[in-house]
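What follows is the residue order along each chain.
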Amino acid sequence: MKFEMINFVFLVMGIFLAVVGIMIWAGRKVEFINGENWEKIRTEDIIPYTRNMGIGVILLSLSLLTFGVLSAFETVPKLLQWIGVAVFGGAGALLMIISYKKYFQKDE
């Protein structure tokens, strides 16, 4: 096992993003996501929107954590590390994009 500084950086960033995702989800912090445009989310949509966005951020954090942990082991192939990043990162990004398009009201 070879734990380098880059592994530590990925783990810290992953933990930070996980905490932010939990704050968005559990605390319904829509202002973390949309800043001053949070009024464009209907009141009845705040709970599902923040839940989906929080889970999306947590999935993104899992991609960083997966890479940070798997890259510490020399026996794990690089392809497997990047597959983990792609699966979790892609799922998180896709969930966030779908939620944004579904719940965010555009100026019409």
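Here's a quick rundown of the structure. On a predicted model such as this, the values are computed, not experimentally measured, just so you know.

### Observations concerning the side chain of Ser 63
Considering the arrangement of structural elements, one finds Ser 63 in helix α3 (residues 46–70). Setting aside its immediate chain neighbours within four residues, Ser 63 contacts Gly 84, Val 85, Phe 88 and Gly 89.

### Quick look at the pattern of salt bridges
With the rule as written, the count across this model stands at two salt bridges. The partner of Glu 44 in a salt bridge is Arg 42, and the shortest N-O contact between them spans 3.0 Å. By relative accessible area, which is 56% here, Glu 44 ends up exposed. Judged by its relative accessible area of 40%, Arg 42 falls in the partly exposed class. Arg 42 is the partner of Asp 45 in a salt bridge, and the nearest nitrogen-oxygen pair spans 2.9 Å. Judged by its relative accessible area of 8%, Asp 45 is buried.

Calculation criteria
- In this numbering scheme, every chain counts its residues from 1 along its sequence in written order.
- Only residues with pLDDT of 70 or above have their local features reported here, since the model is predicted, and side-chain atom pairs are shown and tallied only from 80 upward, although totals for entire chains, interfaces and linings are computed over all residues.
- To get the side-chain values, take all heavy atoms of the structure and skip hydrogens and water.
- Each helix is a run of DSSP H or I of at least 4 residues and each strand a run of E of at least 2, with the numbering of both proceeding from the N terminus.
- Contact criterion: two residues are considered in contact whenever any of their non-hydrogen atoms come within 4.5 Å of each other.
- The term salt bridge refers to a side-chain nitrogen of Lys or Arg lying within 4 Å of a carboxyl oxygen of Asp or Glu.
- Think of it in three bands: with a 1.4 Å probe and only protein chains considered, a residue is buried below 20% of the maximum accessible area for its type, exposed above 50%, and partly exposed in between.

Spatial relationships are all this shows, so hold off on functional conclusions.
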